[in-house]
Amino acid sequence: MAVVKSVKIDGEDIHIFNSAIYVFETNSNFTLELDLIVSELVVKKYKKEDNLIIEIELEDGRVLNSIMHVKFLAGGLPQLNLYCDLDDPDDYYYLDRVSESDAWFPNLEEGITIEEIRKVEMPDEDMSLKLKLPIDQVEWLKKQKKSMLNELFKEFIYEYWKKLDQ
């Protein structure tokens, strides 16, 4: 089985947590498939794209360049499936071949948690709060910059979590 060493999307290195590269065979055609466990930030950035320029470096030194289609795989961990049609699958003799009737299929999520992924790249989400506070606190909050309030709430929540764990 070929092992992916690195992946670049549109010239940008992405962090991959697990991957599988193989030739997928159906009755009518062959596709080169690259399944990736990536961060939520990578999924968010690329999931709405139709085609991407992909550079795949394998551990044996081979480099594959292709324009590939993107499928976002919903469910557990953040995943992308990149694929492109192949004219001659024999050019990829060094990759595993998987057919639609095979029972074997790579399980990329095994041994990886969302917490481990978020240690590498933690996404930020916008959130609105509706609070009832004393007026002096409301006035003070209104005078603060958004970036300072973001840091304040982040620190407060992490400290509160630590307090709950004790």
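Thresholds, definitions, all that
Residues numbered from 1 in each chain as written. Predicted model: local features only at pLDDT ≥ 70, side-chain atom pairs only at ≥ 80, totals over all residues. Heavy atoms only, no water. 1 Å grid on protein atoms, 1.4 Å probe; cavity = no way out; pocket = protein on both sides within 12 Å on 5 of 7 lines; lining within 4 Å. Points joined across faces, edges and corners; volume = space filled by probe spheres on them. Helix = DSSP H or I, 4+ residues; strand = E, 2+ residues; numbered from the N terminus. Nonpolar A, V, L, I, M, F, W, Y, C, P; charged D, E, K, R; others polar. Contact = heavy atoms within 4.5 Å. Buried < 20%, exposed > 50% of the residue type's maximum accessible area, 1.4 Å probe, protein only. Pairing = 2+ DSSP bridges. Core = buried A, V, L, I, M, F, W, Y, C linked by side-chain atoms within 4.5 Å. Axes fitted to C-alpha atoms, helices over the stretch in contact; angles between N-to-C directions.

A few words on the layout of surface pockets. Over the atoms, a rolling probe the size of a water molecule traces out where space has been left empty. Taken as a whole, the largest pocket spans an internal volume of roughly 1100 Å³. E125, M127, N150, F153 and I157 are the residues nearest the centre of the largest pocket, which is lined by 22 residues in total. Among the elements of the structure, α3 (135–143) and α4 (146–165) are those that each provide at least two residues to the lining of the largest pocket. Among the elements that take part in the lining of the largest pocket, α4 stands out by supplying 8 residues, more than any other. Tallied by class, the residues present in the lining of the largest pocket amount to 12 nonpolar, 2 polar and 8 charged. Taken together, 15 residues line the second largest pocket, and the ones lying closest to its centre are E40, V43, K44, F72 and P78. At 4 residues, helix α1 (residues 40–46) tops the list of elements feeding residues into the lining of the second largest pocket. For the lining of the second largest pocket, the per-class residue count stands at 8 nonpolar, 2 polar and 5 charged.

Tracing the sequence through the fold places S99 in strand β8 (residues 96–99). Excluding its chain neighbours within four sequence positions, the residues that come into contact with S99 are F24 and E25.

Okay, the pairing of strand β5 (residues 51–58) next. Only one face of β5 is buried: it carries L52, I54, I56 and L58, and the other face, with N51, I53, E55 and E57, is open. Pairing of strand β1 (residues 4–9) with β5, which is carried by 5 bridges, proceeds in the antiparallel orientation. Counted as the bridge partner of V4 is L58 from β5.

Below, the discussion takes up the nonpolar core. Of all hydrophobic cores here, the largest spans 28 residues; its most connected members are V7, I14, I21, L34, I54 and I56. Only β1, β3 (18–25), β4 (30–37), α1, β5, β6 (63–73) and β7 (79–86) provide two or more residues apiece to this core. Non-local contacts of I56, meaning those with residues more than four positions away in its chain, are made with V4, S6, I21, L34, R62, V63, L64 and M68. Counting 9 residues, the second largest nonpolar core, distinct from the first, contains A20, F24, V98 and I112.

With that settled, consider the sheet that holds β4. Strand pairing in a sheet relies on backbone hydrogen bonds. The paired strands run either parallel or antiparallel. The 8 strands are arranged β2-β1-β5-β6-β7-β4-β3-β8 in an open sheet whose pairing can be described as mixed. Of all strands in the sheet, those bounded by a partner on one side alone are β2 (12–14) and β8. For this sheet the average axis-to-axis angle between neighbouring strands, irrespective of direction, equals 40 degrees. When β1 meets β2, the two strands line up antiparallel, connected through 3 bridges. Across the sheet, V7 pairs through a bridge with I14, a residue of β2.

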